[in-house]
Amino acid sequence: MPGKKLLGSQVKHLLSGVSDHGIQHLAEVETDLVQTALLLNEAIEKLGASFIAIHAAVTAQQETIEQLLSGQAPAVDYAAKLKAVQGEIGHHANAAVTGLQFQDLTSQLIDRTVRRVTGLREFLGTLGSGGAGMLEDSDSEQVTQLLSRINEVLAAQNVQLNGVLRKVVKQHHMGSGDIELF
Amino acid sequence: MAKTVLAVDDSSSLRQMVAFSLKAAGYHVIEAVDGQDGLEKARNQTVDLVLTDQNMPRMDGLSLIKLLRGMANYQKVPILMLTTESGDEMKAQGRAAGANGWLVKPFDPQRLIEVVKKVIG
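Visitor: Just checking my understanding: could you explain the overall build of chain B for this structure?
Guide: Helix and strand content of chain B: five helices and five strands. Mapped from its N terminus to its C terminus, chain B presents α and β elements in the order β-α-β-α-β-α-β-α-β-α. Against the 2.2 N^0.38 benchmark of 14 Å for 121 residues, chain B shows a C-alpha radius of gyration of 13 Å, consistent with a compact globule. With respect to the three principal axes, the spread of C-alpha positions in chain B is 30 × 30 × 25 Å.

Visitor: Would you mind going over the interface of chain B and chain A with me for this structure?
Guide: Much of the literature gives interface size as the accessible area that the parts lose upon coming together. Counting from both sides, the interface comprises 26 residues of chain B and, opposite them, 23 residues of chain A. Elements represented by at least two residues in the side of chain B that touches chain A include exactly helix H1 (12-24), helix H4 (88-97), strand S5 (101-104) and helix H5 (109-120) of chain B. The element that contributes the greatest number of residues to the side of chain B that touches chain A is H1 of chain B, accounting for five residues. Residues belonging to the side of chain B that touches chain A are distributed by class as follows: eleven nonpolar, nine polar and six charged. Pairing analysis gives three bridges linking strand S1 (residues 179-181) of chain A to S5 of chain B, with the strands arranged antiparallel. Opposite Ile179 of chain A, over in S5 of chain B, you have Leu103 of chain B as the bridge partner.

Visitor: Sorry, what's going on with H1 of chain B here?
Guide: In an α-helix there are 3.6 residues to a turn, and that puts residues three or four apart on one side. An ideal rise of 1.5 Å per residue puts 18 Å on 13 residues; H1 of chain B measures up with 18 Å between its terminal C-alpha atoms. The complete set of buried residues in H1 of chain B reads Leu14, Arg15, Met17, Val18, Ser21 and Leu22 of chain B. Relative to the axis of H1 of chain B, the buried residues are bounded by an arc of 160° and lie together on one face. In the core, the buried residues of H1 of chain B are packed alongside helix H2 (75-99) and helix H3 (102-132) of chain A together with strand S1 (4-8), strand S2 (28-32), strand S3 (49-52) and H5 of chain B. Immediately downstream of H1 of chain B, the backbone of Gly26 of chain B shows phi near 95°, a positive value.

Visitor: What is the right way to read the environment of Gly133 of chain A from this model?
Guide: Its location among the elements puts Gly133 of chain A in the loop between H3 and helix H4 (140-164). Counting along the chain gives 63 residues from Gly133 of chain A to Ser70 of chain A, while the straight-line C-alpha distance between them is 88 Å.

Reading the values: the criteria
- Residues numbered from 1 in each chain as written.
- Chains lettered and ligands numbered in written order.
- Predicted model: local features only at pLDDT ≥ 70, side-chain atom pairs only at ≥ 80, totals over all residues.
- Helix = DSSP H or I, 4+ residues; strand = E, 2+ residues; numbered from the N terminus.
- Rg over C-alpha atoms; globule rule 2.2 N^0.38 Å.
- Contact = placed C-beta atoms within 7 Å.
- Nonpolar A, V, L, I, M, F, W, Y, C, P; charged D, E, K, R; others polar.
- Pairing = 2+ DSSP bridges.
- Expected span 1.5 Å × (residues − 1).
- Buried ≥ 20, exposed ≤ 12 C-beta atoms within 10 Å, placed from the backbone.
- Arc of directions from axis to C-beta.

What follows is the structure, given as structure tokens:
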């Protein structure tokens, strides 16, 4: 009877480990993918708006230059206009630079996702190779020992995976971050 | 003569954006792909400011700062972190390692230039 109890305990441990491990990592994958989608959407909106605004400003700049060349008004009037348009272009270019940083943020999230998926694949591989070591005529003591070894390997893989993952990217928006001088 | 900024980041797009912003403001920018590369470039050149990411392959930002602060010619060179990390604990580690400031990504070019100007002129 104690042998059966031990076997039951190892099976229970294995099943709960598979469940907890799978749920935890898939939940993290889901969160990271949702966050990636949010950042990408916001980045493309920001970049699209900057592109349209820069195009409009460049068109206005071109019109002003044409008017200047045709001598329709004193050059001094156009100078201020051109300076204002230049400032506007700079403002929109800055917004585009902030938006373009999406690649850095999303690549970190994708890297985490890939590592978790790889970790899950290795986890399932361990279950498969561990199960293969179980023979039809294995007695309960042998099965208990095998399950115990599988549980140990899975626990080690879980710790290893959490160790190699990058820190969480907390940004949910493409707005500029805080600055602190020490 | 233009002041030199060493920009250390494993993201090529981020390095490109930093270089684009700072060059437009008149700074000379040297790029490094990770902490190890940053350390080698800092050894071989005179730098007025180091701007580094935290999470990078081979060597992270905090390790880079500690090694730079151990070099005689980098004890007083300003070092700013530019990272996705924003936790107080991480900032405290940065400060203890010798960082002079912490900028959270994504950065606004105008604000970055203002900070760099404030730190190195």
